[in-house]
Amino acid sequence: MKVQRWTPQSGVFIAALGAMVLVLAVGPTWFSAGVTDRLSALFVYVILGAMWNALAGYGGLVSVGQQAFFGLGAYAAIRLSHADVPVYLAVALAGLAVGVVSLAIGEVMLRLRGGEFAVGMWVVAELAHLLVNLDPLVQGETGTSLIALNAIAAEARRAYTYWLSLAAMVALLAVLFALLRGRLGTAIQSIRDDERAASSLGVNVLATKRIVFVLAATGCAMAGALWLASAITFQPKAYFSVQWTAYMIFMTLVGGIGTFEGPILGAILFFLVETFFGGRGVWYLVGLGAAALAFSLFLPRGIFGALEQRFALRLLPLGFRVVERTKP
Amino acid sequence: MSEPHHPPMIPRRGALIGAGLLLASGRRARAAGAAIKIGFVSPRTGPLASFGETDGFIVDLARKALAGGLEVGGTTYTVELLDRDTQSDPARAGQLAKSLINDDGVDLVLATSTPEVVNPVSDAAEAAGVPALSTVMPWEAWYFGRGAKPGAPSPFKWTYHFSFGVAEFAGAYISQWSSTVATNKKVGVMYPNDADGNAIRAHLAPALEKAGFSIVDPGPYEDGTNDYSAQIATFKKNRCEIFNTFPIPPDFATFWRQAAQQGFTKIVKIAQTAKTGLFPSSIEALGSIGHNISSGCYWHRDFPYKSPLTGLDGHALADGYEAASGRQWTQQLGASLALIDAGIAALRASGNPKDKAAVAKALSTLQTTTSLGKLDFTKGPVPNVCATPIIGTQWVKGSGKFKLDYVITENSGDRNVPVSAKLLPYS
């Protein structure tokens, strides 16, 4: 018997993943404009899915107000750019700035549990929306635009936004992966499974939750700022819309909640569904909702969860497993 | 009206690449042929669907008119109109515009109806360096709402907009409220904390006060509020005989029902709404308390102008729509057609419709006549913008086959538009 983490399968997968990131990194030099733009959106979706999964799938913190951070991230980018910070630096710093703000929000919100936390986060989102509306720069729902971007030529801007999105996605996933493989991963999952038991075993519940909460807030804020960098228009209603959280939930539930790879798969699926069926209007949204519902009823661990179980898939191993040593 | 089938947002190829098959594509080659592509973006479904209701009809008319191609500078171009539905979602509006620009390679983007459609589309076009023309949202929210600063040079090189602004509302209201209905000149206002509400509060209210009206403003409210008792009490206490509001339509329905229950509507002699009450459906939904509500229109079937593209005048356009759809005409018909009229005029004036800089330059100095009347981009009020009039109107009990008639009660914005009725008191 031996305890195993890495398998040859996961080694090959990591290598393939690294190669893919390298290919993606040189993408803007030969992708068409449309593909570059759409891939930037996909990277944002992956961030959103992974961050919601970190909260709900690993931390047991179901938030229906993650759009608060998405909106605040975009708003922070607008504010920083208005304060004459170079526009791409503003976009990059916005997520970190909101991460700091989320420390304070977390102090209050993490004292709530279960449904209270979920509803509380929605309240936070509404509150953040109202407060942003009061800023004269934003002019209520009129909003404003990140026009500092117009100083950069269209092709260069498309590439910068793409690279920044790719870098943010890779960095956030890497941080999440490292955290979940370490002490924090075990601690946070024990809290998810039974908070009181975890606490009695010596897990610092609040400190552990705080790390995951701030990471998810920072990630969602980065996503918001990146979305702004490609959309340019900032209308508060559009960024503080609950639809963003609905998308995160869809990606996580369909891809596989509580698995590292699931939300990434979910984001790709969501991206494809949006691409092909987004034009169908109401029925598209009904379909998204029905799919999320069906998955949580019949395939509670999502597509990746099911695959993982059936084929003993270990692509990005977070846990350990015991294997029988084969006799020579 | 049946929703036309829209092609998927991006070609299949793009999506497959997105899924990871990254090796199949090279840079897309643009065939430079004698074909022009024009994108037309509007809200056909979702909360703003009443704006887009007539757009399918208008796009079909334009397609027929352009079936023989468009001759510019001796070359005949085929014209393809690509219409897209934003589903009233600003995020989707921006993505559709980008997809039209990147994947379809449009030469001109047209967008209409509300900041939720127009601003994201204009920003996407400005960012990509593709000429765009838009209409039907107050120009202040389009120009200043996208980051332009008063007094500073225009930050926009590619995007142009023709629409009404605060000055046009002020002119129409002052004329309308000084006409046949005598009041105490006290105006109760409900201006929300949103795009239009704030612009109106900052600029319209002072203009009205200068004209001798006293404004009773209980302060900004958030869209979606569902209890208006405090505001209604303030209006009653001050005996506001004129009422003015710029709400989103569901909020007005809530407010006006509460105002009726709490006895405010009995005091009101002129109920002047903007943003809501543009279309018959929103007034019909109010039932009898919707009769005699005053409104302002950006187009009316009595407008005496012919669309140069289709050759239709206001009556022919409205009657054509009613015959084709069985539904009552709306003021969006003329505006959407004017948008296409003006877009085609700019392509003609450019000398080379495939040259984006030439088209943008043509837009910046465009002077043309459309179903809305004369447009002149050389006169301001700010660069990139041409202001168009607001005409005072009223919803009265219908005399024909529809429940309500929409009559013109003043024409200070454009004297060529015939006044067809005297303003009636609300109560």
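As the structure is a computational prediction, the values presented were derived from the model and not from experiment.

1. A short note on the overall build of chain A
A tally of helices and strands in chain A yields 14 helices and 4 strands. Taking the contacts inside chain A whose residues are at least 6 apart along the sequence as the reference set, 79% of them involve residues at least 24 apart. Approximately 13,700 Å² of chain A is accessible, and the part contributed by carbon and sulfur atoms is 70%. Charged side chains of chain A number 22 positive and 15 negative; the gap between the two group centres comes to 10 Å.

2. Observations regarding the packing of helix H4 (residues 90-102) of chain B against helix H5 (residues 115-128) of chain B
Residue and element names in this part refer to chain B. Viewed as axis vectors pointing N to C, H4 and H5 meet at an angle of 35°, and their least axial separation amounts to 8 Å. The hand of the H4/H5 crossing is right-handed. Residues Pro90, Ala93, Gly94, Ala97, Lys98 and Ile101 of H4 lie in contact with H5, whose contacting residues are Glu116, Val117, Pro120, Val121, Ala124, Ala125 and Ala128. Partitioned by chemical class, the residues of the contact of H4 with H5 number 10 nonpolar, 1 polar and 2 charged.

3. Looking at the pattern of salt bridges
Tallying each qualifying case throughout the model produces 20 salt bridges over all chains. Here arginine 301 of chain A makes a salt bridge to glutamate 308 of chain A, at a shortest N to O gap of 3.6 Å. The exposure class assigned to glutamate 308 of chain A is buried, which follows from its relative accessible area of 19%. Notably, a salt bridge pairs aspartate 83 of chain B with arginine 44 of chain B, separated by 3.3 Å at the nearest N-O pair. With aspartate 83 of chain B in strand E3 (residues 75-85) and arginine 44 of chain B in the loop between strand E1 (35-42) and helix H2 (49-52), the pair connects residues that are 39 residues apart, well separated along the chain.

4. What to know about the domain arrangement of chain B
Residues and elements named next belong to chain B. When the domains of chain B are assigned, the result is domain 1 (12-164 + 301-387) and domain 2 (167-297 + 390-410). Here domain 1 and domain 2 have C-alpha centroids that lie 31 Å from each other. In this complex, domain 1 contributes 19 residues to the contact, which on the side of domain 2 involves 19 residues. For the domain 1 and domain 2 pair, buried surface summed over both sides reaches about 1,500 Å², with 69% attributable to carbon and sulfur atoms. Contact with domain 2 buries area across many residues of domain 1, yet Phe164, Gln328 and Gln331 alone supply 40% of it, more than any other trio. Counting across the interface, domain 1 meets domain 2 through 0 salt bridges. Elements supplying a minimum of two residues to the side of domain 1 that touches domain 2: H2 and helix H6 (139-143).

5. Considerations on helix H13 (residues 282-298) of chain A
Residue and element names in this part refer to chain A. Between the first and last C-alpha of H13 there are 24 Å, a value that for 17 residues agrees with the 24 Å anticipated at 1.5 Å per step. Of all the residues in H13, the buried ones are Tyr284, Leu288, Ala292 and Phe295. End-on view of H13: buried residues confined to an arc of 75°, all on one side of the axis. In H13, those exposed residues whose orientation departs by more than 90 degrees from the buried face are Val282, Trp283, Leu293, Leu297 and Phe298. Considering only its buried residues, H13 is in contact with helix H11 (243-255), helix H12 (262-277) and helix H14 (302-311).

6. Re the interface of chain A and chain B
At the junction of the two partners, chain A supplies 54 residues and chain B supplies 49 residues. Interface area, chain A with chain B, both sides summed: about 3,900 Å², of which 54% is carbon and sulfur. When the buried surface of chain A facing chain B is broken down by residue, Trp30, Thr142 and Phe276 of chain A rank first, second and third, together holding 13% of it. If you look at where chain A meets chain B, you find 1 salt bridge. Where lysine 237 of chain A meets glutamate 116 of chain B, a salt bridge forms, and the shortest distance between an N and an O atom there is 2.9 Å. Run the count over chain A and chain B and you get 8 residue pairs in polar contact (both at pLDDT 80 or more).

7. Focus: empty space enclosed by the protein
Evaluated as defined, the whole model comprises 6 cavities of 30 Å³ or more. Approximately 290 Å³ is the volume found for the largest cavity. Taken together, 26 residues line the largest cavity, and the ones lying closest to its centre are Trp227 and Ala231 of chain A together with Ala91, Gln95 and Lys98 of chain B. If one sorts the elements of the lining of the largest cavity by residue count, H4 of chain B sits on top with 7 residues. Grouping the amino acids of the lining of the largest cavity by side-chain chemistry returns 12 nonpolar, 10 polar and 4 charged. Empty space within the second largest cavity amounts to approximately 170 Å³. In this structure, the second largest cavity is lined by 14 residues; those nearest its centre are Asp37, Arg157, Arg158 and Ser230 of chain A together with Lys98 of chain B. Listed by contribution, the elements that provide at least two residues to the lining of the second largest cavity are helix H6 (154-181) and helix H9 (205-231) of chain A together with H4 and H5 of chain B. Take the lining of the second largest cavity: its biggest share by element is 4 residues, from H6 of chain A. By residue class, the composition of the lining of the second largest cavity is 7 nonpolar, 3 polar and 4 charged.

8. Regarding a nonpolar patch on the surface
Residue and element names in this part refer to chain A. On the surface, a cluster of nonpolar side chains totalling about 460 Å² of accessible area is made up of Leu293, Leu297, Phe298 and Leu299. Among the structural elements, leucine 297 can be located in helix H13. By relative accessible area, leucine 297 is classed as exposed at 59%.

9. Description of the pairing of strand E7 (residues 186-190) of chain B
Residue and element names in this part refer to chain B. Among the 5 residues in E7, 4 count as buried, and that is most of the element. The pairing of E7 with strand E8 (residues 214-216) spans 3 bridges and is classified as parallel. Along E8, the bridge assignment pairs glycine 188 with valine 216. The β-α-β motif built from E7, the intervening helix H8 (residues 195-210) and the parallel element E8 has right-handed crossover chirality. Looking at chain direction, E7 and strand E9 (residues 242-245) are connected through 4 bridges and run parallel. Across the sheet, residue methionine 190 finds its bridge partner in E9, namely threonine 245.

10. Some points on the packing of aromatic side chains
Counting across every chain of the model gives 45 aromatic pairs over all chains. Between phenylalanine 70 of chain A and tyrosine 239 of chain A, the aromatic rings sit 5.8 Å apart at their centres with planes inclined by 25°, giving stacked as the arrangement. Within this pair, whereas phenylalanine 70 of chain A is found in helix H3 (residues 67-82), its partner tyrosine 239 of chain A is found in helix H10 (residues 236-239), the two being separated by 169 residues in sequence. Overall, the relative accessible area of 3% leaves tyrosine 239 of chain A in the buried class. Taking the centre distance of 5.7 Å and the plane angle of 20° together, the rings of phenylalanine 164 of chain B and tyrosine 298 of chain B count as stacked. Of the two residues, phenylalanine 164 of chain B sits in the loop between strand E6 (159-163) and helix H7 (166-177) while tyrosine 298 of chain B sits in the loop between strand E11 (294-297) and helix H12 (314-325), which places them 134 residues apart along the sequence. When its relative accessible area of 4% is taken as the criterion, tyrosine 298 of chain B is described as buried. Among the aromatic residues, ring-to-ring pairing joins Tyr45, Phe70, Trp227, Phe234, Tyr239, Trp244, Tyr247, Phe250 and Phe270 of chain A into one connected group. Just above the ring of phenylalanine 156 of chain B sits the side chain of arginine 146 of chain B; from NZ or CZ to the centre is 4.0 Å.

11. Some details on the sheet that holds strand E2 (residues 70-72) of chain B
Residues and elements named next belong to chain B. Strand order across the open sheet formed by 7 strands is E2-E3-E1-E4-E5-E6-E14, with mixed pairing between neighbours. This sheet does not close on itself; its edge strands, each paired only once, are E2 and strand E14 (385-387). Across the sheet, the axes of successive neighbouring strands diverge by a mean angle of 25°, strand direction being ignored. Bridge count for E1 against E3 is 8 bridges, and the pairing is parallel. Each bridged residue has a counterpart across the sheet, and for phenylalanine 40 the counterpart in E3 is aspartate 83. Against the sheet, helix H14 (residues 356-364) makes contact with strand E4 (108-112), strand E5 (132-135) and E6, and its axis sits at roughly 30° relative to E6, the strand it touches most.

Thresholds, definitions, all that
Numbers given to residues run from 1 along each chain, matching the order in which its sequence is written. Here the convention is simple: chains get letters from A, ligands get numbers from 1, in the order in which they are written. Side-chain atom pairs in this predicted model are given and counted only at pLDDT of 80 or more, local residue features only at pLDDT of at least 70, and totals for whole chains, interfaces and linings cover all residues. Side-chain metrics rest on all non-hydrogen atoms present in the structure, leaving aside hydrogens and water. A helix here means a DSSP run of H or I that spans at least four residues, while a strand means a run of E at least two residues long, and both kinds are numbered starting from the N terminus. Throughout, a contact is declared for two residues whenever any of their heavy atoms are within 4.5 Å. Areas reported here follow the Shrake-Rupley algorithm with a probe of radius 1.4 Å; residue values treat only the protein chains shown as occluding. His is not counted here, nor are the chain ends, while Lys and Arg score as positive and Asp and Glu score as negative. In plain terms, the charge of a residue is placed at NZ if it is Lys, CZ if Arg, CG if Asp and CD if Glu. Axis geometry follows a simple rule: fit a line to the C-alpha atoms, using only the stretch in contact for helices, then measure angles between N-to-C directions, giving values from 0 to 180 degrees. Handedness of a crossing is defined here by the sense of rotation of the near helix relative to the far one, left-handed for an anticlockwise turn of less than a right angle and right-handed for a clockwise turn. Three classes are used: nonpolar for Ala, Val, Leu, Ile, Met, Phe, Trp, Tyr, Cys and Pro, charged for Asp, Glu, Lys and Arg, and polar for all others, with Gly counted as polar. For this document, the term salt bridge refers to a Lys or Arg side-chain nitrogen within 4 Å of an Asp or Glu carboxyl oxygen. For each residue, the accessible area found with a 1.4 Å probe, counting protein chains only, is set against the maximum for its type, and the residue is called buried under 20%, exposed over 50%, and partly exposed in between. As used throughout, domain bounds are those supplied by an automatic or database domain assignment. For any pair of parts, buried area is found by adding up, for both, the accessible area (1.4 Å probe) each one loses once the two are put together. Helix span, expected: 1.5 Å multiplied by one less than the number of residues in the helix. Arc, as used here, means the arc of the directions from the helix axis to the C-beta atoms. In protein, a polar contact means a hydrogen-donor-capable atom and an acceptor-capable atom, both N or O and within 3.5 Å, with residues adjacent in sequence counting only if both atoms are side-chain atoms; elsewhere, any N or O pair within 3.5 Å suffices. Whether a set of points on the 1 Å grid over the protein atoms alone is a cavity depends on a 1.4 Å probe fitting there but being unable to get out, while an open set qualifies as a pocket with protein on both sides within 12 Å along at least five of seven lines; lining residues are those with an atom within 4 Å of a point. Grid points are joined across faces, edges and corners, and a volume is the space filled by probe spheres set on the points. A patch consists of residues whose relative accessible area exceeds 30% and which take part in no salt bridge; residues with like charges are grouped when within 9 Å of each other, and nonpolar side chains (Val, Leu, Ile, Met, Phe, Trp, Tyr) when within 5 Å. In this analysis, strands are considered paired if DSSP registers two or more bridges between them. Orient the strands so they point away from the viewer, and a crossover whose first-strand-to-second-strand path over the helix runs clockwise is right-handed. A pair of aromatic rings is counted whenever rings of Phe, Tyr or Trp (Trp by its six-membered ring) have centres within 6.5 Å, and the orientation is called stacked for planes under 30 degrees apart, edge-to-face for over 60 and tilted otherwise. Geometrically, a lysine NZ or arginine CZ counts as sitting over a ring once it is within 6 Å of the ring centre and also within 35 degrees of the ring normal.

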